Structure formats: structure tokens, C-alpha cells
Amino acid sequence: MNTKKTSLYQLHQESKAKFVEFAGYQMPIQYSEGIVEEHKFTRNHSGIFDVSHMGQLFIYGGEDLIKDLEKIFPLDLKNLKLNHSKYSFLMNKDAGIHDDLIITKTNEGFLIILNAACKDNDFKILKELLEEKHKMVLDDNRSLIAIQGPKSSQILNDVIDGVKDLNFMSGNWFSFQDHKVYITRSGYTGEDGFEISIPNDFVDKLTRELINKGSKLIGLGARDTLRLEAGLCLYGHDLDKDKTPVEANLKWAISKERISKGDFIGSDIIIKQLNNGVNKIRVGIKPEGRIIAREKTKIFNKSDVHIGEITSGTFGPSVNGPVAMGYIDNEFSKKNTKVFLEVRGRKHPANICGLPFYKKSYVKGATK
Amino acid sequence: MSEVKYSKEHEWIKLEGDIATIGITKHATEMLGDIVFAELPEKGSNVEKDGTAGVVESTKAASDVYTPVSGEVVDTNQAIVDDPSKINQDPEDSAWFFKLKIKDQSEMDTLMNKDDYDKFAKETSA
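Residues numbered from 1 in each chain as written. Chains lettered and ligands numbered in written order. Predicted model: local features only at pLDDT ≥ 70, side-chain atom pairs only at ≥ 80, totals over all residues.

Turning our eyes to something else, we now look at the overall build of chain B. For chain B, the helix and strand inventory stands at four helices and nine strands. Reading the secondary structure of chain B in the N-to-C direction produces β-β-β-α-β-β-β-β-β-α-α-β-α. Counting only C-alpha atoms and orienting by the principal axes, one finds that chain B spans roughly 35 × 35 × 25 Å. Looking at chain B as a whole, 41% of its 126 residues are labelled buried. The long-range fraction of contacts in chain B, counting pairs at least 24 apart against all pairs at least 6 apart in sequence, stands at 62%. (Helix = DSSP H or I, 4+ residues; strand = E, 2+ residues; numbered from the N terminus. Buried ≥ 20, exposed ≤ 12 C-beta atoms within 10 Å, placed from the backbone. Contact = placed C-beta atoms within 7 Å.)

Glancing now at the sheet that holds strand β11 (residues 171-176) of chain A. Residue and element names in this part refer to chain A. Reading across from one edge, β11-β12-β13-β10-β4-β14 is the order of the six strands in this open sheet, with mixed pairing throughout. Because the sheet does not close on itself, it has two edges, and the strands there are β11 and β14 (216-217). Relative to β14, strand β4 (residues 47-50) runs parallel, the two sharing two bridges. For I48, the partnering residue across the bridge sits in β14 and is L217. (Pairing = 2+ DSSP bridges.)

Here the focus is the environment of D204 of chain A. Residues and elements named next belong to chain A. Secondary-structure assignment places D204 in helix α6 (residues 200-212). Measuring from C-alpha to C-alpha, the distance between D204 and L11 comes to 7.2 Å, with 193 residues separating the pair along the chain. Those residues in contact with D204, other than ones at most four positions away along the chain, are S7, L8 and L11.

We now examine the environment of G187 of chain A. Residue and element names in this part refer to chain A. Along the chain, G187 turns up in the loop between β12 (179-184) and β13 (193-199). Judged by local crowding, G187 falls into the buried class, with 28 C-beta atoms found within 10 Å. Along the chain, G187 and I147 lie 40 residues apart, while their C-alpha atoms are 7.9 Å from each other. In contact with G187, not counting residues within four places along its chain, are A146, Q148, G193 and E195.

A word on the interface of chain A and chain B. Contact with chain A, which involves 12 residues of that partner, is made by eight residues of chain B. Within the residue set of the side of chain A that touches chain B, elements represented by two or more residues are α2 (35-44), α7 (220-229) and β17 (306-316) of chain A. Split by residue class, the side of chain A that touches chain B holds five nonpolar, five polar and two charged. (Nonpolar A, V, L, I, M, F, W, Y, C, P; charged D, E, K, R; others polar.)

Our focus in this paragraph is the packing of helix α5 (residues 152-159) of chain A against α6 of chain A. Each pair of packed helices can be described by the angle between their axes along with the distance between the axes. Residue and element names in this part refer to chain A. Interaxial distance between α5 and α6 falls to 9 Å at its minimum, and their mutual angle equals 125°. On the basis of their axis angle, the class for α5 and α6 is oblique. Remark: the crossing between α5 and α6 carries right-handed chirality. Residues I155, L156 and V159 of α5 form the contact with α6, whose participating residues are L206, E209 and L210. When grouped by side-chain class, the residues that make up the contact of α5 with α6 number five nonpolar, no polar and one charged. (Axes fitted to C-alpha atoms, helices over the stretch in contact; angles between N-to-C directions. Parallel < 35°, antiparallel > 145°, perpendicular 65-115°, else oblique. Left-handed = near helix turned anticlockwise from the far one by under 90°.)

Counting 118 residues, the largest nonpolar core has I112, I145 and I183 of chain A as the members making the most contacts within it. Filtering out sequence-adjacent residues up to four positions away, I112 of chain A remains in contact with L57, I59, L101 and I103 of chain A. (Core = buried A, V, L, I, M, F, W, Y, C linked by C-beta atoms within 7 Å.)

Strand pairing in a sheet takes place through backbone hydrogen bonds and is either antiparallel or parallel in direction. All names here are of chain B. Spatial ordering of the open sheet is given by β4-β6-β7, a layout of three strands whose pairing is antiparallel. Among the strands making up the open sheet, the edge pair consists of β4 (35-39) and β7 (62-66). The mean inter-strand angle of the sheet, taken between neighbouring strand axes irrespective of direction, is 25°. The sheet contact formed by β4 and strand β6 (residues 52-58) spans four bridges and is antiparallel. Bridge pairing in β6 links F37 to E57.

To continue, consider the pairing of strand β8 (residues 109-114) of chain A. Residues and elements named next belong to chain A. Most of β8 sits inside the fold, with five of its six residues counted as buried. Pairing geometry for strand β5 (residues 55-60) and β8, over six bridges, is antiparallel. Its bridge partner being in β8, I59 is matched across the sheet by F110. Relative to β8, strand β7 (residues 97-106) runs antiparallel, the two sharing five bridges. Its bridge partner lying in β8, T106 is registered against G109. Here β7 hands over to β8 after two residues, the two strands then running antiparallel side by side.

Our focus in this paragraph is the domain arrangement of chain A. All names here are of chain A. When cut into domains, chain A gives domain 1 (4-53 + 140-229), domain 2 (56-124) and domain 3 (251-353). Placing a centre on the C-alpha atoms of domain 1 and another on those of domain 2 gives a separation of 23 Å. On the side of domain 2, nine residues touch domain 1, which itself brings 14 residues to the contact. The residue makeup of the side of domain 1 that touches domain 2, split by class, is six nonpolar, seven polar and one charged. (Domains from an automatic or database assignment.)

What follows is the structure, encoded as C-alpha cells:
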């Protein structure tokens, strides 16, 4: 199979990226400074992430589309304001998660940002569910970059005037040298930032301008440590078809209004789990020492009973220590419960903790 | 007189008398990326040539550290356990991993000299 390249491939090469194959794309895992420096630069200044491998699905329509999408997503889309975004999931009838996503109401319908590895399957599922009633475009002609970190608002605003007035989880159309770009104030690092959807032909130019203003390219390696410190899930690891949003501790993302009606795919299971509780649940886990417990590490209680498994674990550069999350039997999910992680045949003490590991600094916008 | 030799697993070994100091090469640290965790063998334990004698972890993955020769662990470098980033900074000197009292000096002959190792490292990473 041919691996695909994003429109920023040449810039990545010039910037001495190390590449990995990810979801069929050649993507930069890190640049010359390395993951720890890139992570810290994002937290303290501003980092640019090429996330063009992710799916940008535009679905066009009005009232009918809203009704149809509400049968699929556990969101109050009717009352979602124009240009506002929500985090959500595409579920199967058992409430297992096909993908997690960000959906934004636009003037022509909805824009849904999908995970790279899931986007083609998501498209198929949605097309079937929507019975081809609405025009759907999984747009390969647009790139997607994120700019994240405390200096990003000023840097991006110097290039595209007006973006600093956006509120968190909202967006709008802007213009970059007469080209239409859709920008939302969002991201996946636990920092204030923006995601920019821009035609492929101009993404290189925009990115170079942002670099000239002081931002830096950051690889997928630091994106992973940043999102894990922020307590955010990675599909295929922390989320999959065998886990529900309630088990994933993401019930905050499900509309209460919609639960009371219970008319979306997977709602039976969601309601049952909300009422009766779940057997396993996603928690934050902080190892006591420096040992790193990675994905698939087994979790034991103090009586040496196997009670769960790590789904993401790494070293958190801002925490300056190991961080992890995983699924654990609900009765052991209380904060400060002592557990043991089996790494290379030995059991190491750790504690269940709240998420995030690193406190967010999302900005509510300058207009408020 | 001391000689430095290199293994295919990217360890360096410096022999002074019958005491060998062992660490990982600069090339190894460049492949690993930022090292954030190091585990060393226990002092007083015996390690066998090509056996596991420690672990390093980068932000990306864990890798075993092997010992290129057999011997008894007589010292370990706690400084790299306390601050693993030292391994990236000075891998072939102050960030050594452990010292062995070696058993069989002839095991040194199976290892590469600097020129051969540099060539090997270049070929295997290409």
C-alpha cells in the first residue's frame, strides 16, 4: 500500500522531521529538538501540528439534517448555535465507540473532524445511516493544522486578524490572503489554541508565516504526551468498539436533554449504564516512582487480583513523571486507591487519580 | 591503558584492569530520543554476556540494555536513574550505566572497535 503524504510533507522534511507511518500517512513523529522540548515549547509558547491526515467531513443540509444527525449523535444539535462545536462519538447499537469526533454547526450544515484511521469507515457508516439523503464530502482538498499553546492566539491573530475574539469551542470563516479558511478555537493538548481548515495549496504558506511569527512545528510524539497529560482519549487505545462513553467516563459529552428522550443509536445501553452503573471505568493512574506503565500493562489490587489494564501510558514532560490512564473495575476507581502495575514481571505501586494530570488553560475568549 | 569497544546492541565498554564500565552509545541515544527512565542491574548481581542488564525508556518506547561481557556488577550510576536526561547529554562518558568485574577477558575480542562500530551504526540505521 502506498503511504500518503500531507501537503506539508516538504516543510516537515526541511524541518528535519523523523517520520512514521500512521493511519496510512507519512507523519512527523518528532523534529530535531525531540519530544520533550517540543512538548514544553507547546506548553510555554506555541506549537503547530499537522493533522491533515484527520478527516474533514462536510455534511450539507438544514432542519432535516439536524433531525437525522440527532438519531446518530447524543447531542442537542437543534439548540447548538451556529459555529459552535461539540465533542461527541459515533456509536454502534451497543454504544461501543466507532470514533470520537468534533462536530461544528456551519452555515451550510455540519463539519465533523474524524480520526485518520477511522474516517473512511465513519463515512461509510454515516452514509448508510443518513440513507444518502444529504450531500457528504470527506474533503481531501483541505488540510488541517492545529496551533496550540499560550502564544498561539497572538501569533495566529497577527496572520489572520480577528481569530483572538473566538470563544473556546466555537469557530468561523476567516480569510487568509483571500482564501477561505475555517478556524475553530479548539485542540487536543490541554492548551488554548485553534484548528485551521485550509485548502491544500495554501497550508504551506500559512504554516511558514506562523513559524516566522515564532511558532514551531511539533510532531505526533509530543501531541501524544500533551493529550495524555490533558487527560484526553486517543481512539484505538483509550476508546474502541468494546467501550462505551459511560465506561470511558465521558458522560459529560452526552446531552441530558437527549438522554431523557433516549432516541439515538446506543441510547438503551447508555441509559442502562447511567442508571445501574458500569463494571469498568476509565481513570487516571499515577505511578509512584519513575516507572512508565505503557498500554496493555496489567493493573492489580493490593490482594494481587487483576482489576484492569492501562490503555495509554507515557512520561509526561510537564508533570515530570510517568502518567497513565486505563480501565479498572469500578469498585477500585475512587481517587487515591492504591493499585499495582505489572511492568517487566514486577509490580509497582501507583494511585488512581483525577484527570487531567496537567491543568488546562483554555481561554474563554477576549470578548467576555 | 584502557580500550573502548562496542557491541551490536549499541553498548560501549571501557576496560581498565579487570573492571569494565558499560554504557549506551551516542548513536543509541539518537535513535531512542529523549530518555526518561533508566533501570540498572543490582550491585553484587552477576550478569551474562548478551543478557539483559537494564532498561531505558524514551518518551516513545522501552528498550533493554544488554551487557556485552559477563561479570559481577560492582557499581551502578545512580545519577542517571535520578535524572535520565543525563544519558542524552553525555552518553559515552559521565552517563555510564554500570561497572563489572569481568570474568573472561577474551569476551572483549568479540566486540567492535570504534571504526567498525561507526560503520555498523551507519549501515544499520540507513
